[in-house]
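# Topology and contacts: notes
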Amino acid sequence: MMYCRVIPIVVSLAVVSMFTCCTASRDEASIDLSGEWTFGIDSLDKGIEQEWFNQPLPDKVKLPGSMLTNGKGNEVKADSAWTAGIWNDDWFKKPEYARYREPGNVKISFWLQPLKRYTGVAWYQKEIEIPENWNDRHIELFLERCHWETSLWIDDVKIGMQNALGAPHKYDLSKLVKPGKHKLTLRIDNRVKEIDPGADAHSISDNTQTNWNGVIGEMKLVSRPPVYISSVQLFPDIDRKIVTARISVRNLAGRPGNYQLKLQARSKNGPEKKVEALYKEVSVAADSTDLVVEYPMGVSPLLWDEFNPWYYAMEVSIKGDQETDSRTLDFGMRKVGIAGKQITINSRPVFLRGTLECAIFPETGYPPTREDEWQRIFKICKSYGLNHIRFHSWCPPEAAFTAADKAGIYLAVESSAWATVGDGKPIDQYVYDESNRIVSAFGNHPSFCLMAYGNEAHGDNAVPYLTGFVNYWKEKDKRRIYTSSSGFPASPASEYTSSGAARIQWWEGGLTSPINAKPPASNYEWTPYLEKDKPTVSHEIGQWCVYPDFREMSRYNGVLKPKNFEIFRDRLADNHLLHLADSFLLASGKLQVLCYKADIEAAFRTPEFAGFQLLDLHDFPGQGTALVGVLNAFWEEKGYVTAKEFRRFCNSTVPLASMPKMIFTNNERLNARLEVAHHGAKSLNVQNAGWKLQRADGSLLYNEKLKPVELQVGRITLLDSVSKPLTSITSPEKLTLSLTVDTFSNSWDVWVYPAKLPVVPDEQQIKVVQKIDEATVRHLESGGTVLLTLKKGTVKPEKGGSIAVGFSSIFWNTAWTKGQAPHTLGVLCDPRHPALAEFPTEYHSNYQWWDAMSHSDAIIIDSVDNRIKPIVRIIDDWFTARPLGLVFECKVGKGKLLVTGVDLLSEAGSRPEARQLLFSIKKYMAGDDFHPAVDVNVERIKSLLK
């Protein structure tokens, strides 16, 4: 093995980091293998023993594709074995799921259901013909993505086995096939055997893409000259304005010789630039030669980043006496670095605004290999203010990297694992092998900026193993930055930390999280959770759920079907609530957006924070059905928030209002720190900034212009601290605080209630109680009016008391979190109902409902009377879909009763929302509109209570 002399280059260019992606050149000959293949299922794994490679196979399929897209496999049954962890066995045991376990009607609740399923060995066969002019040339079988392990036979000769999950399978057939016809046989095995990436790893799991069996993307035989370029890796140095090209040349002729090497770059996705060609005479050994060449990029090369995703194409060729082999490579100039606690791109601080992608592709059950589909996805991500995607425990195909290069998306890629590591099992070596294959295939792309072993590693020896992994890659390839494992465990070697602490809600957090345990505020941030000497990126923030969108079901025209949605729809219909499905979706969606806004703004408020990774911008249909997206599984809007609205709080520049409280009485002052987090392309000189406090009718309480200010990149800038009296507010109101900075605007809702409430006329007619005693029964029987405001914890468990009510949306989903609180998705009400006339509200939860949801029990309405239509509903978990009431009314004997699951009396002096809601309800009950329609026996009311 010999090295070309490194050419010293003196240039005055601003150095740019260069990355490349190989595409076929005009000199490359290839044979397309897509189309019809013969096929056979080897469920008993007898094919090798019985020499299926020597026999015609009985069936036919089309490739690229999978068994599933070809309609092959077994019917889904109640006892089907899945490649995924089943974290909750309710579906297998509980009687309410019995009808979905019946043969012919199997419907699973925990992920999208494939039309068929198969785990095992399958054989694929095709006749090929090698042209005469391919004799003595390099021949390669290229299979872009296989799932999972392939073994290859040419005629009756076994060529080898490959098991990459995140990179192409490439077989060198040079000197193994002669011109003429041959039989190419693939044995594909999608079982988890001695190498275990983890059943929930998205590289293999049925949770999302399915554990499919087949080949997708490009399938071809490729021929090149006997002396050919086998690989090119480009290492940019933006400070020296060069790119170091590491070029491997193979020589099948077996004779050393002298060749001319040429490198030339030209701009491709930016201003037109053609860089001067470099020619180099090189000596090629009789077998293989590695060349290292420094290529100057000119005086001012184009830099790649999210704002200017400019990149180049480079032609690399090697010319001999008879033939030339050339490759054209896309590459970009950029440098990923670390500056204290911040990640940098080209020495400028960057704030990662990311989402996960967990291999969710319902149409096919496998990832797209078409660039246009990835362009669509990345365009949507950028429209929601994102600049980053983390591929959770998998690596996408080439098309994703190319599309991300063009879009300016920073990709974090993982080595196909969510596993136990460090114990010396085969997965330990596999992760190294897989990461090398991934970097070899995609490492030149400028969008490939971050890498980890995988997700949430387990094992007693995981930390030393991961420390070795990170050190290995830091030494080998400095084109990106590395961390041990997404989420945990942390390693001292990691260049940045992926932290699950810096977020509002976490696993097992329940009702102790800031958004549930503390009154509404917008001033919390994550400084205590930051690493002291390296960047911190928050891991899988959000996970806020929304009610299923049953309108979405008609979109599933591919191989995965929403049988889980069918179960949830049936449950809602069984409880006579199907007519409210759209309302539940929209109301819970508004709460979901509120929770995401709080999570994201807390990240922006944290000085020197490196960014966040959402779980998820779009739905995760597995792991119990985690409807955590503001977009559905197809990356489509659900109808309650637009990209423009989302960008107000998720963008490169975000105005912020830091307030210690959001609920006021009119004898208080509104205090807010007005700030802006700026992560744009350059510093911003702001001449136009201002804030206003606005009533619901549009009239202004305050409207003030702010001083001009210069915003530094990567900084949070204080614009002003305001403190304003609210004495002009004499009736309950929702106000909107808006802050505009240049073209960026954001807003926050606050509520103001009178500190002193008037006496409700005829209030003495209303008997206010917290339990039903004999005196209360007599009062009702004699035609009296009663308000029953229940203390939290007094409703019987079976009547709703066991339902964990909280302010926030459900986290992830209750099935997979083993019932983590809360179990509810906010409120649904008619804001025009007279009972709420003095308690301003929308139809959904907003911060003024925090107090009520924090001091309440849900009441199962059917345990009282299913004819009752609650004034305020609580939206139940979709797994149970019970009719829940927070406020309802009924007739009892000759009397009238209004019941609220909210305790409106305890500690009322410190609860302005409770006082105001009590006032509004009393005013309604004392007025002419209070006419309950449903008669209820008092014993049904008494039976609610412990």
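Residues numbered from 1 in each chain as written. Predicted model: local features only at pLDDT ≥ 70, side-chain atom pairs only at ≥ 80, totals over all residues. Heavy atoms only, no water.

Definition in use: UniProt positions are given in the numbering used here, feature names are shortened, and annotations may be inferred rather than shown by experiment.
As named in an unreviewed UniProt entry, the chain is beta-galactosidase, taken from Flavihumibacter solisilvae. Taken directly from UniProt, the Catalytic activity (unreviewed entry) text for the chain runs: "Hydrolysis of terminal non-reducing beta-D-galactose residues in beta-D-galactosides."

### Notes on the overall build of the chain
Definition in use: Going along the chain from the N terminus, every DSSP run of H or I of four or more residues is numbered as a helix, and every run of E of two or more is numbered as a strand. Contacts: residue pairs with any heavy atoms within 4.5 Å of one another. In short, Shrake-Rupley with a 1.4 Å probe defines the accessible areas, and a residue's cover is counted only from the protein chains shown. The charge count includes Lys and Arg as positive and Asp and Glu as negative, but it does not include His or the ends of the chains. Taken as the charge centre is NZ of Lys, CZ of Arg, CG of Asp or CD of Glu, depending on the residue.
Within the chain one finds 13 helices and 50 strands. If you line up the chain on its principal axes, its C-alpha atoms span 110 × 70 × 45 Å. Contacts in the chain between residues at least 24 apart in sequence constitute 75% of all its contacts with a sequence separation of at least 6. Working note: accessible area of the chain is about 34500 Å², and carbon and sulfur atoms make up 49% of it. Charge centroids of the chain, computed over 111 positive and 114 negative side chains, lie 3 Å from each other.

### Re the domain arrangement of the chain
For clarity, the threshold we go by: What fixes the domain bounds is an automatic or database domain assignment. Computed with a 1.4 Å rolling probe, the buried area is the accessible surface lost when two parts are put together, summed over both parts.
Under the domain assignment used here, the chain contains domain 1 (30-222), domain 2 (227-332), domain 3 (348-546 + 597-617), domain 4 (653-753) and domain 5 (763-944). Centre-to-centre, using C-alpha coordinates, domain 1 lies 36 Å away from domain 2. Contact residues are listed per partner, giving 5 residues for domain 1 and 4 residues for domain 2. A combined buried area of about 410 Å² lies between domain 1 and domain 2, and 49% of that area is made up of carbon and sulfur atoms. Sorting the residues of domain 1 by area buried against domain 2 places R137, H138 and K175 first, and these three jointly supply 71% of that buried surface.

### Thoughts on the nonpolar core
Rules: Working definition of a nonpolar core: buried Ala, Val, Leu, Ile, Met, Phe, Trp, Tyr and Cys residues. They are joined through side-chain atoms within 4.5 Å. Partly exposed residues are those whose accessible area sits between 20% and 50% of the maximum for their type, while under 20% is buried and over 50% is exposed, using a 1.4 Å probe and protein chains only.
If you look at the biggest cluster of nonpolar residues, it comprises 197 residues, and the most contacted ones within it are W374, F378, F612, V630, L693 and W849. Ranked by residues supplied to this core, first place goes to helix α8 (residues 581-605) with 14 residues. Among the nonpolar cores identified, the runner-up in size contains 28 residues, and L263, A265, M297 and Y312 belong to it.

### A few points about the packing of aromatic side chains
Applicable threshold: Ring pairs are drawn from Phe, Tyr and Trp, using the six-membered ring of Trp, whenever the two centres fall within 6.5 Å, and their geometry is named by plane angle: stacked under 30 degrees, edge-to-face over 60, tilted for the rest. Note on criteria: charge over ring means Lys NZ or Arg CZ within 6 Å of the ring centre, with the direction from the centre no more than 35 degrees off the ring normal.
Here the structure, examined in full by the defined rule, presents 52 aromatic pairs. Look at W87 and W507: their rings are 6.1 Å apart centre to centre, the planes differ by 65°, and that puts the pair in the edge-to-face class. You can see W87 sitting in the loop between β6 (65-66) and α1 (90-93) and its partner W507 sitting in the loop between β30 (497-499) and α6 (514-517), a full 420 residues away along the chain. Feature note: the residues W82, W87, W91, F92, F110, W111, W418, W507, F811 and W816 constitute an aromatic cluster, connected by ring pairs. Here the basic side chain of K220 rests over the ring of F142, its NZ or CZ set 5.5 Å away from the ring centre.

### Side note on the sheet that holds strand β23 (residues 342-345)
Hydrogen bonds between backbone groups are what pair the strands of a sheet, and the pairing can be parallel or antiparallel. The cut-off we apply is this: Two strands form a pair only when DSSP identifies at least two bridges running between them. Fitting a line to C-alpha atoms yields each axis, with helices limited to the stretch in contact; the angle taken between N-to-C directions then spans 0 to 180 degrees.
Spatially, the 3 strands line up as an open sheet ordered β22-β23-β24, and their pairing is antiparallel. The open sheet has two free edges, formed respectively by β22 (336-339) and β24 (348-350), since each of these has just one partner strand. Each neighbouring strand pair of the sheet contributes to a mean axis angle of 50°, computed without reference to strand direction. When β22 meets β23, the two strands line up antiparallel, connected through 4 bridges. Its bridge partner lying in β23, A339 is registered against Q342.

### Details of the UniProt feature "domain: Glycosyl hydrolases family 2 sugar binding" (unreviewed entry) in the chain
Taking the UniProt record as the reference, the feature "domain: Glycosyl hydrolases family 2 sugar binding" (unreviewed entry) is found at residues 33-225. Taken end to end, residues 33-225 is 2% helix and 38% strand, and its first and last C-alpha atoms sit 21 Å apart.

### Examining the pattern of salt bridges
Keep this limit in mind: Counted as salt bridges are all cases of a side-chain nitrogen of Lys or Arg within 4 Å of a carboxyl oxygen of Asp or Glu.
Within the structure shown, the criterion is met by 52 salt bridges. Note that E566 and K107 form a salt bridge whose closest N and O atoms lie 2.7 Å from each other. Separated by 459 residues along the polypeptide, E566 in helix α7 (residues 563-574) and K107 in the loop between α1 and β7 (113-114) bring together distant segments of the chain. Each member of the pair, E566 as well as K107, is classed as buried. In this structure, E939 engages K942 in a salt bridge whose closest nitrogen and oxygen atoms are separated by 3.6 Å. Here the residue E939 and the residue K942 both occupy positions in helix α13 (residues 938-942), the gap between them amounting to 3 residues, near one helical turn.

### Some points on the environment of K771
As for its position among the elements, K771 is in the loop between β44 (766-769) and α10 (774-781). K771 gets classed as exposed once you look at its relative accessible area, which sits at 56%. K771 sits 16 residues away from L787 along the chain, and the two C-alpha atoms are 9.9 Å apart.

### Here we look at the side chain of S267
Defined as follows: Any pair of nitrogen or oxygen atoms within 3.5 Å is treated as a polar contact; in protein, a donor-acceptor pairing is required on top of that, and neighbouring residues in sequence qualify only through side-chain atoms on both sides.
Its place among the elements puts S267 in strand β17 (residues 257-267). For S267, a relative accessible area of 10% corresponds to the buried category. A distance of 2.7 Å separates a polar side-chain atom of S267 from the backbone oxygen of P271. When residues no more than four places from it in sequence are discounted, the contact partners of S267 are E272, K273, L302, Y311 and Y312.

### Observations regarding unusual backbone geometry
Residue W148 is bonded to the preceding H147 through a cis peptide linkage, with omega at -5°. Tracing the backbone shows W148 in the loop between β9 (138-147) and β10 (149-154). A821 connects to P822 through a cis peptide bond whose omega is -5°. Looking at the element boundaries, P822 is found in the loop between β45 (785-789) and β46 (824-829). We note that K818 has phi near 60°; this positive angle belongs to a residue other than glycine. As for its placement among the helices and strands, K818 is situated in the loop between β45 and β46. A residue is classified by how much of its surface remains accessible, and K818, at 70% relative accessible area, is exposed.

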